[in-house]
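# Fold and geometry: a report
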Amino acid sequence: MQNQHRRDAIGWTRKVGKRSGLGPVFLLALLGAQATGCGRIPPLDDAANLAPMDSASPMGRRRDGGPAIADASCGGVVVSAATREPADVLLVLDRSGSMNYSISEECSCDPSSNPSVVCANTSNCTTRWASLVTALASTLSSTPFLNWGLKLFSSPGAGSCQVASGVEVPVAANATAAIQAEMAATTPAGETPTEAAITAATAYLKTQTDTNSKMLLLATDGKPNCGGSPPSVYEDDVMGTMDAITAATDAGFLVYVIGIGTGTSAANLDAFAQNGGTGKHYPAQSADALTEALVSISKGAACTFALAATPPDPNQVAVYLDKNMVPQDASNGWSFGASSQIVSLHGSFCDQVLSESSDVVQVLFGCGQPLPPVLME
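Residues numbered from 1 in each chain as written. Predicted model: local features only at pLDDT ≥ 70, side-chain atom pairs only at ≥ 80, totals over all residues. Heavy atoms only, no water.

We now examine the state of the cysteines. Scanning all chains against the criterion turns up four disulfides. Two residues share a disulfide in this structure: Cys303 and Cys350, whose sulfurs sit 2.1 Å from each other. On the sign convention where negative is left-handed, the bridge of Cys303 and Cys350, at about 85 degrees about the S-S bond, is right-handed. One end of the pair, Cys303, is in the loop between helix H6 (287–302) and strand S12 (304–307); the other, Cys350, is in helix H7 (residues 347–355), with 47 residues separating them in the sequence. Cys350 carries the same exposure label as Cys303, and that label is buried. (Disulfide = S-S within 2.5 Å. Helix = DSSP H or I, 4+ residues; strand = E, 2+ residues; numbered from the N terminus. Buried < 20%, exposed > 50% of the residue type's maximum accessible area, 1.4 Å probe, protein only.)

See below:
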């Protein structure tokens, strides 16, 4: 790609295009900061050639007569170009005994279970675990822009409340087959030590040194237990799980939450998602709903960008797609993630990015000046 440049309302940008097999090319323009993560920004080799800004001008107009850019007191403009890099997503999956229950009813598909909990029709009963295996097979094979890994809880071969350190399948670009094999070999059993699972998953992600955005995807069908010391199956652990999720977001990892089946507490799961920086949980009371939840989360993960610096004023941040301002809207626009250093696109704007119909994403930090609705050539 030739190092051609063009000038726009926020300074010089490198001219970029699409690269075969890599998806759309992204550009983030920041004031005094570089971006890393899903849209990682390496330093621009000729950034020093940016013309100086006139600090006497309220909008920092370039001395060479170029268009107005940002207030120079913000620290200048750092503009770089980058291709989209994959995000790392660690699946944190509940394999408790209740995952043998029906995904659409609160009863067991296993006819050998206690008669009081067996479904009336076990021959046409689809378990939560089987639905999860099927939904993941479809999702993993259709998301080449994500690196997946797997953490199960409780850990296979361990006690009913025990979670081992590490993961069953490390996060990698080619982990799909290994995850599917591990899922196929796993039998639901044990309790729901969610706090310990999130803590172990967070510790694992901290050991990963690549610059990709990292996040957890928690899928569970029940209230966390195994609280106390030593862990007890009779002690709920909602608050401990909340604390573990907060620690994950403090480490820079978003936490998505899926509630599987009919026995989940929407209030608890929404609280987990809010602490995880992802808003609300995804309810899944059918196999189709579970697949849709995984697809939605996968899209969100692919449309998430981490910034290397906190915006000076979170209320003075604008996101542009092909030079047009994107509304700040968590349903169809953009929003902050776990912190103001994480920006996510949603709805039709994320669809445009993934379909490659739009090439350039830009983020502008304001410094008290009005942010333009359109970035002009």
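Tallying each qualifying case throughout the model produces six salt bridges. As a salt-bridge pair, Asp88 and Lys214 come within 3.7 Å of each other at their nearest N and O atoms. In this pair, Asp88 sits in strand S6 (residues 87–94) while Lys214 sits in strand S9 (residues 214–220), placing the two residues 126 residues apart along the sequence. You can call Lys214 buried: its relative accessible area is 8%. (Salt bridge = Lys/Arg side-chain N within 4 Å of Asp/Glu carboxyl O.)

Residues of the protein with pLDDT of at least 70 account for 75%, and the chain-wide mean is 78. Between the elements of the protein, mean pLDDT differs from a low of 26, seen in strand S2 (residues 11–14), to a high of 98, seen in helix H3 (residues 194–206). Considering only residues more than four positions removed or in separate chains, one finds that residues 1–83, a stretch of pLDDT under 50, has 200 contacts. (pLDDT = per-residue confidence, 0-100. Contact = heavy atoms within 4.5 Å.)

Spatially, S8-S7-S6-S9-S10-S11 is the arrangement adopted by the six strands of the open sheet, whose pairing is mixed. Here the strands that pair on one side only, and so sit at the sheet edges, are strand S8 (169–172) and strand S11 (282–284). In this sheet, adjacent strand axes meet at a mean angle of 20 degrees when their direction is disregarded. Here strand S7 (residues 146–153) pairs with S8 via two bridges, running antiparallel. The residue bridging Trp148 from the neighbouring strand is Ala172, located in S8. Along the sheet, helix H1 (residues 128–140) contacts S6, S7 and strand S10 (254–260); its crossing angle with S6, the most-contacted strand, is approximately 170 degrees. Where H6 meets the sheet, its contacts fall on S6, S7, S9, S10 and S11, and the angle it forms with S10 comes to roughly 175 degrees. (Pairing = 2+ DSSP bridges. Axes fitted to C-alpha atoms, helices over the stretch in contact; angles between N-to-C directions.)

With 35 residues, the main nonpolar core has Leu93, Leu132, Ile179, Met183, Leu217 and Ile258 as its most contacted residues. Elements that contribute at least two residues to this core include exactly S6, H1, S7, helix H2 (176–184), S9, S10 and H6. The greatest single-element share of this core, amounting to seven residues, is contributed by H6. If near-sequence neighbours (up to four positions away) are discounted, Leu93 is found in contact with Leu132, Leu136, Leu150, Lys151, Leu152, Phe153, Met183 and Ala219. (Core = buried A, V, L, I, M, F, W, Y, C linked by side-chain atoms within 4.5 Å.)

Three or more residues of H7 are buried, namely Phe349, Cys350 and Val353. Down the axis of H7, the buried set is contained in an arc of 95 degrees. They therefore lie on one face. Directly after H7, the chain includes Glu356, whose backbone phi takes a positive value near 70 degrees. (Arc of directions from axis to C-beta.)

Attention shifts here to the packing of H1 against H2. For the pair H1 and H2, interaxial distance at closest approach is 10 Å and the crossing angle is 170 degrees. Overall, the two elements H1 and H2 adopt an arrangement that is roughly antiparallel. Packed against H1, whose contacting residues are Trp129, Leu132, Val133, Leu136, Ala137 and Leu140, the element H2 presents Thr176, Ile179, Gln180 and Met183 at the interface. In terms of residue class, the contact of H1 with H2 is built from eight nonpolar, two polar and no charged. (Parallel < 35°, antiparallel > 145°, perpendicular 65-115°, else oblique. Nonpolar A, V, L, I, M, F, W, Y, C, P; charged D, E, K, R; others polar.)

Within the open sheet, the three strands sit side by side as S14-S13-S17. Their pairing is antiparallel. Two strands in the sheet have a free side with no partner beyond their single neighbour: strand S14 (324–325) and strand S17 (361–365). Judged from the five bridges that link them, strand S13 (residues 317–321) and S17 form a sheet pairing that is antiparallel. By the bridge assignment for S17, Val317 is matched with Phe365.

What follows is about H3. Along an α-helix, residues three or four apart share an orientation, since each turn contains 3.6 residues. The end-to-end C-alpha distance of H3, which contains 13 residues, comes to 18 Å, matching closely the 18 Å that a straight helix rising 1.5 Å per residue would cover. Listed in full, the buried residues belonging to H3 are Thr194, Ala197, Ile198, Ala200, Ala201, Thr202, Tyr204 and Leu205. (Expected span 1.5 Å × (residues − 1).)

Turning our eyes to something else, we now look at the environment of Asn100. Mapped onto the secondary structure, Asn100 falls in the loop between S6 and H1. For Asn100, a relative accessible area of 24% gives the class partly exposed. Separated by 10 residues in sequence, Asn100 and Asp110 have C-alpha atoms that sit 6.9 Å apart. Not counting residues within four places of it along the chain, the set of residues in contact with Asn100 comprises Ser108, Cys109, Asp110, Thr127 and Pro188.

Time to look at the environment of Met376. Its place among the elements puts Met376 in the segment after S17. For the pair formed by Met376 and Asn324, sequence separation is 52 residues and the distance between their alpha carbons is 9.2 Å.

For Pro170, the location among the structural elements is in strand S8. Put simply, Pro170 and Asn147 are 23 residues apart on the chain and 9.6 Å apart in space, counted from C-alpha to C-alpha. Ignoring sequence-local partners within four residues, the contact set of Pro170 consists of Trp148, Gly149, Ala175 and Tyr204.

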